[in-house]
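Given next are the chains, with one letter for each unit.
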Amino acid sequence: DAGITQSPRHKVTETGTPVTLRCHQTENHRYMYWYRQDPGHGLRLIHYSYGVKDTDKGEVSDGYSVSRSKTEDFLLTLESATSSQTSVYFCAISDFEMADEQFFGPGTRLTVL
Amino acid sequence: AQTVTQSQPEMSVQEAETVTLSCTYDTSESDYYLFWYKQPPSRQMILVIRQEAYKQQNATENRFSVNFQKAAKSFSLKISDSQLGDAAMYFCASSGNEKLTFGTGTRLTIIP
């Protein structure tokens, strides 16, 4: 299994509070991704990174920001959490030379009350 | 923009029988890959099978095989000799521009 961890694994927070989710990899892969998974929508890309300090938006980036100061860490921040951001969040990594295959972390269940 | 469509929200199959999950996609990429991922109740996303679009031969992995019809932009997954451990959500995905686009998933139930 690819070495990807996410923290926390579960979080309950209140509307309006900031939340940061962390993804950590030990594979030295160049690409890192944040997805959210909601019933009826599959996985939707929030943001991704193609190198340290290099990030770009996905299809559902509003209300989210990311940072990548080290190859191994990719942080997802909800500046002011809303109930619509209640979801399961997955981090994934990819070595582009390996044909775009992505390896996924275990997921974080976030509940915003 | 890429799109991936899975038109079967739920499927069921008798244990030991064969089932086919459908997927269609649309892409403007000339070079791309297609994937099927499995998500069991543990929530972990597991790669089942991968197909390179430039290869005409259909990919196979043990009991899992695909029927790749490039002109029709169709990429179905066949599971032979279904087992209880195959029960999961299955997601089809296509690659392009350093990203994956996922379908909405098919929930597969195995009937003992």
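As the structure is a prediction and not an experimental result, all values here were calculated from the model.

Points about the overall build of chain A
Within chain A, the regular secondary structure consists of zero helices and 11 strands. Listing every helix and strand of chain A by position from the N terminus yields β-β-β-β-β-β-β-β-β-β-β. For 113 residues, the compact-globule formula gives about 13 Å, and the C-alpha radius of gyration of chain A, at 13 Å, lands near that figure. The C-alpha extent of chain A, read off along each of the three principal axes, is 40 × 30 × 25 Å. Counting every position in chain A, which comprises 113 residues, the buried fraction comes to 50%. Expressed as a percentage of contacts within chain A between residues at least 6 apart in sequence, the contacts between residues at least 24 apart total 55%. A total of about 5,200 Å² of accessible surface is found on chain A, and carbon and sulfur atoms cover 48% of it. Measuring between centres, the 11 positive side-chain charges of chain A sit 6 Å from its 15 negative side-chain charges.

Points about the overall build of chain B
Looking only at helices and strands, chain B has zero helices and 12 strands in total. Going from the N terminus to the C terminus, chain B shows its helices and strands as β-β-β-β-β-β-β-β-β-β-β-β. The C-alpha atoms of chain B give a radius of gyration of 13 Å, which matches the 13 Å a tight globule of 112 residues would have. Of all 112 residues assigned to chain B, the portion counted as buried reaches 50%. Separation between the mean location of the 10 positive side-chain charges and that of the 11 negative ones in chain B comes to 3 Å.

Some thoughts on the pattern of salt bridges
As enumerated under the stated definition, the model contains eight salt bridges over all chains in all. Of the charged contacts in the structure, one is a salt bridge between Asp73(A) and Arg22(A), with a shortest N-O distance of 3.1 Å. Separated by 51 residues along the polypeptide, Asp73(A) in strand E8 (residues 73-78) and Arg22(A) in strand E3 (residues 19-25) bring together distant segments of the chain. A salt bridge links Arg63(B) to Asp86(B), with the nearest nitrogen and oxygen atoms 2.8 Å apart. Of this pair, Arg63(B) sits in the loop between strand E7 (60-61) and strand E8 (64-69) while Asp86(B) sits in the loop between strand E9 (74-79) and strand E10 (88-96), placing them 23 residues apart in sequence. Residues participating in the shared-partner salt-bridge network are Arg22(A), Lys70(A) and Asp73(A).

Things to note about the state of the cysteines
Residues and elements named next belong to chain A. This model, assessed by the stated rule, comprises two disulfides over all chains. A sulfur-sulfur distance of 1.9 Å marks the disulfide that ties Cys23 to Cys91. Measuring the twist about the S-S bond at about -70 degrees, one finds the Cys23-Cys91 disulfide to be left-handed. On the criterion of sequence distance, the pair formed by Cys23 in strand E3 and Cys91 in strand E9 (residues 87-94) is long-range, its members being 68 residues apart. The same class applies to Cys23 as to Cys91, namely buried.

What about the side chain of Gln37(A)?
Within the secondary structure, Gln37(A) sits in strand E4 (residues 31-38). The exposure class of Gln37(A) is buried, given its relative accessible area of 15%. Among the polar contacts listed, one links the side chain of Gln37(A) to the side chain of Gln39(B), at a separation of 2.7 Å. Residue contacts for Gln37(A): discarding those within four places in its chain leaves Gly42(A), Leu43(A), Ser87(A), Val88(A), Phe90(A), Gln39(B) and Phe91(B).

A look at the nonpolar core
Residue and element names in this part refer to chain B. Membership of the largest hydrophobic core comes to 24 residues, with the highest contact counts inside it found for Trp36, Phe75, Leu77 and Tyr90. Listed by contribution, the elements that provide at least two residues to this core are strand E3 (19-21), strand E5 (33-39), strand E6 (46-52), E8, E9, E10 and strand E12 (106-111). Residue contacts for Leu77: discarding those within four places in its chain leaves Val19, Thr20, Leu21, Trp36, Val48, Ile49, Phe64, Ser65, Val66 and Tyr90.

Analysis parameters
Residues numbered from 1 in each chain as written. Chains lettered and ligands numbered in written order. Predicted model: local features only at pLDDT ≥ 70, side-chain atom pairs only at ≥ 80, totals over all residues. Heavy atoms only, no water. Helix = DSSP H or I, 4+ residues; strand = E, 2+ residues; numbered from the N terminus. Rg over C-alpha atoms; globule rule 2.2 N^0.38 Å. Buried < 20%, exposed > 50% of the residue type's maximum accessible area, 1.4 Å probe, protein only. Contact = heavy atoms within 4.5 Å. Areas by Shrake-Rupley, 256 points an atom, 1.4 Å probe, with all protein chains shown as cover. Lys, Arg positive; Asp, Glu negative; His and termini not counted. Charge placed at Lys NZ, Arg CZ, Asp CG, Glu CD. Salt bridge = Lys/Arg side-chain N within 4 Å of Asp/Glu carboxyl O. Disulfide = S-S within 2.5 Å. Polar contact = N/O pair within 3.5 Å; in protein donor to acceptor, adjacent residues only side chain to side chain. Core = buried A, V, L, I, M, F, W, Y, C linked by side-chain atoms within 4.5 Å.

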